[in-house]
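What the coordinates show
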Amino acid sequence: MKLSFFGRLSIAEQLDEGYRIGIRKHNEEVTKNRHILSRIIDCVKFCGAFELALRGHDKTEASANPGIFRGLVNFVASLDGVLREHLENATVFKGTSKTVQNELLDCMYDVLREHIIKEVQSSDFLSIQADETMDIATKNQLVLVLRYIDDKNNVQERFFEFIALQSASSESIATALKDRLAVIIPLDQHKLICQAYDGASVMRGATAGVQKKMQDVYPNAHYIHCYAHQLNLIMQQATSHISNVRIFFSNLSGFASFFSKSTQRTAVLDKVVAHRLPTSSNVRWNFHSRAVNTVFEHREDLIQCFESIRDSGDFDPNAVREAEGFAMLLENQQFQFFLQLFHNIMPHVDLLYAQLQKKNIDSVHINQCTQQFQQNIQKIRDSLHSMVEQSIGSEESSGARTTKRRRALSPQDHVQIAAEVCDTILGHAKERFSFTDHLVSATLLQGDRYAQYSTAFPEDALRSTLKAYPMLNGSKLKTELSLIYSKDEFKACCGAVDLFQLFMENNVAEVFSETVTLLKILITTPMTTAEAERCFSTLKRIKTFLRNTMTQDRLNALAMLSMEKRLVTEMTDFNQKVIEKFAGLKERRAKFMFK
């Protein structure tokens, strides 16, 4: 027995009681130091999650406002006696210096990146979202967002990195993306199944764009033009080439501009209307929708407001003249008709836009949403005559001022222009939202078509799907789909996510293995780049004019803490992993490693 244990135990530990006491004291000190460092990490996490003063701590600049972080540490110390004693008596390692904060941020970022890479490598498929913008320091920033299904069968869209670009060329962007993917999925080029961009020419180019350069390396990485951007383009097309509609939106944007020029005008608006007017935007059509709805709902109050400004005698001649013009505009029959028309159209645009912003949206659900959108616009198109008659009838019954205009539109002209708006929306929606090539696979699992498919199997759609995704077993997939089409239990599922959850909750994933694989592909495919746009919002809050010298590492660390704060809270051993990395960075006088 002595021979078998020989060499396994430290001779010094067996012979020297003082050595064992020293180890015990060392470990007790390490436990105390780790407890203190964990509390400091909690403070850093809090400041990072809420983008507080920590963002001013950078290797290249002095602290912008360290008071928030130190105040938070002092508050935590008032509740924790060990930390309070440490702050009062520490001489070797206090933990509140800018250098320590920078090192902790680096360690946190590394821990989160490693966790995300581990999740991606354990998933079956991966998609990327990428978009480019210019930050406050006039540097090109490319954001990379990863979409995948984690080991708990939840859809994840994770921020991975802001990449500083030398130029916004397709070659530069594609090279940066390939370098990052070589780290994330180094040995599996077929795992990347989709790349989603905003539709800019440098991204979507079929011969020299980013999507083509990426597909040369990752053959299954099909391109998606963000559907939210396409919806914006549809509405721009519907309103930009018709002069009367273009004039309507120009006049509409003038209301908010009129009141924003003066606090005196705004005071009258608050007193009479008690509602502010939203500013329109040419990029986000939900702002146009808010402006249309606000003016439509408060038209009479706005007329009273403009008349009050006109008659009060407290305003300059320019304000009086503009107020008179806006009052006449609100009483104009043509303006009221277009206000009514877009008040009917915009809620459907808003509904589709809201659906496109969801993280767990999938191509099957989007196909149903876009079809419903087109049906709703068609209903408005069919009811234009009654809308015109109602608008003219309400104008006459209200006794509003009817100013003759040389080029006033007749009811037939109103119907014609409104029909042209609806036809433009329908035509572009049908073209842009058509599911062709690899997106045809979404139609295979569209619940409202199961009855049709049960009698006539969609062979063409299946062939397109197998061509786009050669990893699928065609004969087995056809057998499974035929069974799904014949069962009523599956028809109620709205979208691929619902059907996937049904399979997982009932433990039939192995039975429908090929269908589950197809569902994972459809769910992993992002239909929008909404998460990339949210990352840009975070970028603007973190990297401001006063902090424009922030290094790229600091920017990424703070952005990761802010955007992935839920992941930080879900990782129960996050602090311990950060401490292990922090202790291994360099030799420290304070002890953090157990013996």
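Residues numbered from 1 in each chain as written. Predicted model: local features only at pLDDT ≥ 70, side-chain atom pairs only at ≥ 80, totals over all residues. Heavy atoms only, no water.

An unreviewed UniProt entry lists the protein chain under the name Zinc finger MYM-type protein 1, from Synaphobranchus kaupii.

**Some details on the overall build of the protein chain**
The number of helices and strands found in the protein chain is 28 helices and 5 strands. Going through the 595 residues of the protein chain one by one, you find that 51% of them count as buried. When the accessible surface of the protein chain is totalled, it reaches about 28600 Å², and 51% of it is carbon and sulfur. Taking the average location of the 71 positive side-chain charges in the protein chain and that of its 70 negative ones, the two points are 5 Å from each other. (Helix = DSSP H or I, 4+ residues; strand = E, 2+ residues; numbered from the N terminus. Buried < 20%, exposed > 50% of the residue type's maximum accessible area, 1.4 Å probe, protein only. Areas by Shrake-Rupley, 256 points an atom, 1.4 Å probe, with all protein chains shown as cover. Lys, Arg positive; Asp, Glu negative; His and termini not counted. Charge placed at Lys NZ, Arg CZ, Asp CG, Glu CD.)

**Let's talk about the pairing of strand β1 (residues 126–134)**
Every other side chain in a regular strand lies on the same face of the sheet, so the side chains alternate between the two faces. Counted residue by residue, β1 has 7 buried out of 9 residues, so it is predominantly covered. Of the pairings in the sheet, the one linking β1 to strand β2 (residues 140–149) comprises 8 bridges and is antiparallel in character. Of the residues in β2, the one forming a bridge with Glu132 is Leu142. The antiparallel pairing of β1 with β2 creates a hairpin that spans 5 residues between the two strands, and Thr138 there sits at a positive phi of about 55°. (Pairing = 2+ DSSP bridges.)

**Remarks on the packing of aromatic side chains**
Considering all chains together, one arrives at 28 aromatic pairs under this definition. Plain terms: the ring middles of Tyr227 and Phe435 are 6.2 Å apart, the flat faces sit at 85° to each other, and that makes the pair edge-to-face. Of this pair, Tyr227 sits in helix α10 (residues 227–240) while Phe435 sits in the loop between α19 (411–432) and α20 (450–455); the two residues are 208 residues apart in sequence, bridging distant segments of the chain. Both residues of the pair, Tyr227 and Phe435, count as buried. (Phe/Tyr/Trp six-rings, centres within 6.5 Å; stacked < 30°, edge-to-face > 60°.)

**Details of a nonpolar patch on the surface**
Together, Ile136, Phe545 and Leu546 line one region of the surface with nonpolar side chains, adding up to about 370 Å² of accessible area. Inspection of the secondary structure assignment puts Phe545 in the loop between α25 (530–542) and α26 (552–563). (Patch = residues over 30% accessible without salt bridge, like charges linked within 9 Å, V, L, I, M, F, W, Y side chains within 5 Å. Salt bridge = Lys/Arg side-chain N within 4 Å of Asp/Glu carboxyl O.)

**Re the environment of Val349**
With respect to the element layout, Val349 can be found in helix α16 (residues 333–356). We classify Val349 as buried; its relative accessible area is 2%. Along the sequence, Val349 and Ser289 sit 60 residues apart, while their C-alpha atoms lie 8.3 Å from each other. Non-local contacts of Val349, meaning those with residues more than four positions away in its chain, are made with Leu231, Met235 and Phe373. (Contact = heavy atoms within 4.5 Å.)

**Let's talk about the pattern of salt bridges**
Applying the stated criterion to the full structure yields 30 salt bridges. Arg147 is the partner of Glu157 in a salt bridge, and the nearest nitrogen-oxygen pair spans 2.6 Å. With Glu157 in strand β3 (residues 155–165) and Arg147 in strand β2, the pair connects residues that are 10 residues apart, well separated along the chain. Pair check on accessibility: Glu157 and Arg147 agree, each one buried.

**Observations regarding the sheet that holds strand β5 (residues 222–225)**
Taking strand neighbours across the sheet as the criterion, the 5 strands line up as β3-β2-β1-β4-β5 in an open arrangement whose pairing is mixed. Sheet topology places β3 and β5 at the edges, where each strand pairs with a single neighbour. Here the strands of the sheet are splayed against their neighbours by 25° on average, with no regard to which way each runs. In this sheet, strand β4 (residues 192–197) lies alongside β1 in parallel orientation, the contact comprising 4 bridges. Within β4, the residue paired with Ile128 across the bridge is Gln195. Together, β1, β2 and β3 form the strand contacts of α25, whose direction differs from that of β1 by roughly 40°. (Axes fitted to C-alpha atoms, helices over the stretch in contact; angles between N-to-C directions.)

**As for α25**
Because each turn of an α-helix spans 3.6 residues, side chains separated by three or four positions in sequence point in the same direction. The end-to-end C-alpha distance of α25 is 19 Å, a good match for the 18 Å that 13 residues give at a rise of 1.5 Å each. For α25, every residue scored as buried is listed here: Ala530, Glu531, Ala532, Cys535, Phe536, Thr538, Leu539 and Ile542. As for α25, its buried residues are in contact with β1, β2, β3, α16 and α26. (Expected span 1.5 Å × (residues − 1).)

**Describing unusual backbone geometry**
With phi around 55°, Thr138 is a residue other than glycine that occupies positive phi space. Mapped onto the secondary structure, Thr138 falls in the loop between β1 and β2. Classification of Thr138 as exposed rests on a relative accessible area of 59%. With a phi angle near 55°, Asn507 is a residue other than glycine that sits in the positive phi range. Within the element layout of this structure, Asn507 appears in the loop between α23 (496–505) and α24 (513–524).

**Points about the nonpolar core**
Considering soluble globular proteins, one finds that nonpolar side chains tend to be buried as a cluster. Grouped together as the largest cluster of nonpolar side chains are 107 residues, with contacts concentrated most on Leu252, Phe255, Phe306, Phe342 and Ile345. Considering every element that reaches this core, the biggest residue donor is α16, with 12 residues. Not counting chain neighbours up to four residues away, the residues in contact with Ile345 comprise Met235, Ile377, Ile380, Val421, Cys422 and Ile425. Counting 78 residues, the second-largest nonpolar core is a separate cluster that includes Ile36, Cys47, Leu72 and Ala590. (Core = buried A, V, L, I, M, F, W, Y, C linked by side-chain atoms within 4.5 Å.)

**Things to note about the UniProt feature "domain: HAT C-terminal dimerisation" (unreviewed entry) in the protein chain**
The sites that UniProt annotates as "domain: HAT C-terminal dimerisation" (unreviewed entry) are residues 517–566. Summarising residues 517–566: 70% helix, 0% strand, and an end-to-end C-alpha distance of 28 Å. (UniProt positions renumbered as here; feature names shortened; annotations may be inferred.)

**Examining the confidence of the model for the protein chain**
Close inspection of predicted coordinates is inappropriate in any region flagged by low pLDDT. With 92% of its residues at a pLDDT of 70 or more, the protein chain shows a mean pLDDT of 87. Considering only residues more than four positions removed or in separate chains, one finds that residues 55–65, a stretch of pLDDT under 50, has 35 contacts. Residue range residues 400–406 is modelled with pLDDT below 50. Its contacts to residues more than four positions away, or to other chains, number 8 contacts. (pLDDT = per-residue confidence, 0-100.)

**Some details on the packing of helix α6 (residues 98–122) against helix α28 (residues 574–585)**
Between α6 and α28, the least distance of the axes is 9 Å, while the angle of their chain directions is 120°. Judged by the inter-axis angle, α6 sits oblique to α28. Here the hand of the crossing between α6 and α28 comes out right-handed. For the pair α6 and α28, contact is made by Val100, Glu103, Leu104, Cys107, Met108, Asp110, Val111, Leu112 and Glu114 and by Phe574, Lys577, Val578, Lys581, Phe582 and Leu585, respectively. Among the residues making up the contact of α6 with α28, the classes are represented as 10 nonpolar, no polar and 5 charged. (Parallel < 35°, antiparallel > 145°, perpendicular 65-115°, else oblique. Left-handed = near helix turned anticlockwise from the far one by under 90°. Nonpolar A, V, L, I, M, F, W, Y, C, P; charged D, E, K, R; others polar.)

**Quick notes on helix α15 (residues 317–331)**
A rise of 1.5 Å per residue sets the reference length of α15, with its 15 residues, at 21 Å; its end C-alpha atoms lie 21 Å apart and thus fit the reference within 8%. When α15 is considered as a whole, its buried residues turn out to be Ala319, Ala323, Phe326, Ala327, Leu329, Leu330 and Glu331.

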